[in-house]
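# Overview (structure and organization)
In case you want the letters, here they are:
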Amino acid sequence: MNSVCHLCKCVVKDNTLFSDLSDKQIERFKDIIILSLHKKKDVIFWEGDPCHGFHIVKSGRIKIIRTSKDGKEQIIKIAEPGEIIGMEVFYDERRYTNTAAAMDDCELCFIEKMAFFKILEEYPVISKKIIVALSKELKTAYDKIGEMGLKTAREKMAHLLSTLAKDYGVPKDGKIKLNLNLSRLDIAELLGITQETSIRLLKGFKDAGIIDIKRKEIIIKSLPMLESVSE
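Read on for a plain summary of the structure. (Residues numbered from 1 in each chain as written. Predicted model: local features only at pLDDT ≥ 70, side-chain atom pairs only at ≥ 80, totals over all residues. Heavy atoms only, no water.)

Here we come to the overall build of the protein. The helix and strand inventory of the protein stands at 7 helices and 13 strands. Considering the protein as a whole, with its 231 residues, one finds that 42% of them fall into the buried category. Summarising the internal contacts of the protein: among those between residues at least 6 apart in sequence, 70% fall at separations of at least 24. Here the protein has roughly 13200 Å² of accessible surface; of this, 54% comes from carbon and sulfur atoms. (Helix = DSSP H or I, 4+ residues; strand = E, 2+ residues; numbered from the N terminus. Buried < 20%, exposed > 50% of the residue type's maximum accessible area, 1.4 Å probe, protein only. Contact = heavy atoms within 4.5 Å. Areas by Shrake-Rupley, 256 points an atom, 1.4 Å probe, with all protein chains shown as cover.)

Written out as structure tokens, the structure is:
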């Protein structure tokens, strides 16, 4: 089901690319933004699909997956409301270089490429915003590569759990419950390690009293201990 997104109570307005636009400029996007609804596990686009535009996550979460030549998958990003997916191939690529799949039931706002470029011609200020937004993305990617590339698998796991605790954690009885449904395979793909290694590391943290595990639910018992391992 598709319908026009009216931007009224939409995180699109708060995205880096649009936050400083006037009401008149925001109004210009009403005719080109299309709202799409997706169920959990739906694939938004496949790696290799033609790139017709980009999406802004309105609700839910999207995992961005890269597949290696031997078929191994790795989650390279989890996009949250307000984040853009698919714009990284705008420069001259015609096909998506990653796969995007819904982690929850979600809503996405789609902007067609040529319609967006037409608006850029009318409002050059948005071009500046794109440069700023993409440079921030690039810096984040470089920082992540620099940090994670020097860590052991155990340190990577501790860093991931402490980051997830800050981003998705819900305090409860002096502990932090991760409000995020990730399988052991998802965690392994986020870290670029095997599922067996992921399971072993999680068990090690549980045995050390740092976390507790109940099925897919992870509870952080000591965030300071996690952070000390990740450093």
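The discussion continues.
It is worth spelling out the sheet that holds strand β10 (residues 169-172) at this point. Read from one edge of the open sheet, 4 strands run β10-β11-β13-β12, paired in antiparallel fashion. Edge positions in the sheet fall to β10 and β12 (211-214), since each has one partner strand and no second. Each neighbouring strand pair of the sheet contributes to a mean axis angle of 25°, computed without reference to strand direction. (Pairing = 2+ DSSP bridges. Axes fitted to C-alpha atoms, helices over the stretch in contact; angles between N-to-C directions.)

Let us now look at helix α4 (residues 153-168). Every α-helix winds through 3.6 residues per turn, so residues three or four apart in the chain are directed the same way. For α4, which comprises 16 residues, the first-to-last C-alpha distance of 22 Å matches the rise-based estimate of 22 Å (1.5 Å per residue) to within 8%. Among all positions in α4, only M157, A158, L160, L161, S162, L164, A165 and Y168 are buried. (Expected span 1.5 Å × (residues − 1).)

For the coordinates displayed, the defined rule picks out 2 aromatic pairs. With centroids separated by 3.7 Å and ring planes inclined at 15°, the aromatic side chains of F45 and Y96 adopt a geometry described as stacked. In this pair, F45 sits in strand β3 (residues 43-45) while Y96 sits in the loop between β7 (84-85) and β8 (99-102), placing the two residues 51 residues apart along the sequence. You can call Y96 buried: its relative accessible area is 5%. Their ring planes at 85° and their centres at 5.1 Å tell us that F54 and F116 sit as a pair that is edge-to-face. Of the two residues, F54 sits in strand β4 (residues 53-59) while F116 sits in helix α2 (residues 113-122), which places them 62 residues apart along the sequence. Accessibility assignment for this pair places F54 and F116 in one class, buried. (Phe/Tyr/Trp six-rings, centres within 6.5 Å; stacked < 30°, edge-to-face > 60°.)

Counting across every chain of the model gives 6 salt bridges. Between E83 and K77 there is a salt bridge, with its nearest N and O atoms 2.7 Å apart. K77 gets classed as partly exposed once you look at its relative accessible area, which sits at 26%. Here K177 and E217 are joined by a salt bridge, their closest N and O atoms 3.2 Å apart. Placement of the pair is K177 in strand β11 (residues 175-178) and E217 in strand β13 (residues 217-220), with a sequence separation of 40 residues. Residue class for K177 comes out partly exposed when judged on its relative accessible area of 33%. (Salt bridge = Lys/Arg side-chain N within 4 Å of Asp/Glu carboxyl O.)

With that settled, consider the sheet that holds β3. The strands making up a sheet are joined through hydrogen bonds of the backbone, oriented either antiparallel or parallel. Spatial ordering of the open sheet is given by β3-β8-β5-β6, a layout of 4 strands whose pairing is antiparallel. The open sheet has two edge strands, β3 and β6 (73-79), and neither has a second partner. Across the sheet, the mean angle from the axis of one strand to that of its neighbour is 30°, orientation sign disregarded. Relative to β6, helix α5 (residues 184-191) is tilted by about 90°, and along the sheet it contacts β5 (62-67) and β6.

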